[in-house]
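Residue-level structure breakdown
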Amino acid sequence: MIRSASPEVLDALATALRLDDAEREHLHTLARPTPARRRRRPRPQRVDPATWRLLDTLEAACRPAFVLGRRLDVLAHNRLAGRLIADFRALPAADRNQARFVFLDPHARELYKNWTAVAADTAAMLRLDAGRHPDDPALGALVGDLSIHSEEFRRYWSDHKVHQRTTGTKDYHHPLVGDLTITYQALTPADDPDQTLFIYDTEPGGPSETSLHLLAQWNEPAADNRISRNSGKTE
């Protein structure tokens, strides 16, 4: 049984299977003994004030940034991230979720130039979260809802792949500023290991940087596209 295997055996198995870091972690998570005690409902996640200030600083530097929590819930984003991706603040709290956006919002298929790769990674990120929180009822409900409404999600979910974003690039086709390529870095706040801060950047002086500046200067009727500090939490 995998749950009786030692960490050394698991590491050897991961090496033999050529697993990456996320897959290796997922293997160890699945093999970890499950306590017999009754699990408590997870506490609502809140974004630390220091992270909010960092989002403001990145906004001033013309850098989109956002925070994902458990289940890929969007806990916060600065205004530029809302303009680039989606204004999650304007959505009902239950819909502020990256996986829901990718698989159920038609805009996502137009926004991501390589939607297939983004969708596959999103399902794999959700699979990694499921390994960490196997008894999360909200996660089970999300997976069930996505499985009902998205054939692509069912296919990617059945692949049982896991993925953890650290750094990389992503191509967008934005309806206002056209094509742009961003690089991203994923950071974990010290106060909550289940939160991930994503910071977007572009090549200095390149066309994508120009596009971001144009997007930042775009006048819109909404006063602030950022999720409010009072509502930036989820269970």
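Conventions used here
- Residues numbered from 1 in each chain as written.
- Predicted model: local features only at pLDDT ≥ 70, side-chain atom pairs only at ≥ 80, totals over all residues.
- Heavy atoms only, no water.
- Helix = DSSP H or I, 4+ residues; strand = E, 2+ residues; numbered from the N terminus.
- Buried < 20%, exposed > 50% of the residue type's maximum accessible area, 1.4 Å probe, protein only.
- Axes fitted to C-alpha atoms, helices over the stretch in contact; angles between N-to-C directions.
- Parallel < 35°, antiparallel > 145°, perpendicular 65-115°, else oblique.
- Left-handed = near helix turned anticlockwise from the far one by under 90°.
- Contact = heavy atoms within 4.5 Å.
- Nonpolar A, V, L, I, M, F, W, Y, C, P; charged D, E, K, R; others polar.
- Pairing = 2+ DSSP bridges.
- Polar contact = N/O pair within 3.5 Å; in protein donor to acceptor, adjacent residues only side chain to side chain.
- Core = buried A, V, L, I, M, F, W, Y, C linked by side-chain atoms within 4.5 Å.

**A closer look at unusual backbone geometry**
One non-glycine residue with positive phi stands out, namely L72, at about 65 degrees. Note on placement: L72 falls in the loop between β2 (65-68) and β3 (74-77). On the accessibility criterion, L72 (7% relative accessible area) is buried. The phi dihedral of H160 is positive, around 60 degrees, even though this residue is not glycine. In this fold, H160 is placed in the loop between α9 (151-157) and β4 (167-174). Classification of H160 by relative accessible area gives exposed; the value is 55%.

**Let's talk about the packing of helix α7 (residues 115-132) against helix α8 (residues 137-149)**
Axis separation between α7 and α8 bottoms out at 11 Å; the angle between their running directions is 150 degrees. The pairing of α7 with α8 is recorded here as roughly antiparallel in orientation. Along this stretch, α7 crosses α8, giving a crossing that reads as left-handed. Here α7 contributes L126, D129 and A130 to the contact with α8, which in turn contributes L139, L142, V143 and L146. Class assignment of the residues belonging to the contact of α7 with α8 gives a composition of six nonpolar, no polar and one charged.

**With respect to the pairing of strand β5 (residues 178-187)**
Side-chain direction in a regular strand flips from residue to residue, so the side chains alternate between the two faces of the sheet. In the sheet, β4 pairs with β5 via eight bridges, with the strands oriented antiparallel. Of the residues in β5, the one forming a bridge with H173 is D179. By the bridge criterion, five bridges tie β5 to strand β6 (residues 196-201) in an arrangement that is antiparallel. Along β6, the bridge assignment pairs Y184 with Y200.

**Brief notes about the side chain of T122**
Of note, T122 is situated in helix α7. Classification of T122 by relative accessible area gives buried; the value is 1%. Within the structure, the side chain of T122 is placed 2.7 Å from the backbone oxygen of V118, a separation counted as a polar contact. In this structure T122 touches L72, A99, V102, F103 and R165, once residues within four positions along its chain are discounted.

**Description of the nonpolar core**
Judged by nonpolar contacts, the single largest core of 41 residues is most densely connected at I85, F101, F103, Y112, L126 and Y172. Broken down by element, this core gets its largest block of residues, seven residues, from α7. The residues touching Y172, leaving out its near neighbours within four places in the chain, are L84, I85, L111, Y112, K113, G178, D179, L180, I182 and Y200. Formed by ten residues, the second largest nonpolar core is a distinct cluster that contains L55, A65, V67 and L197.

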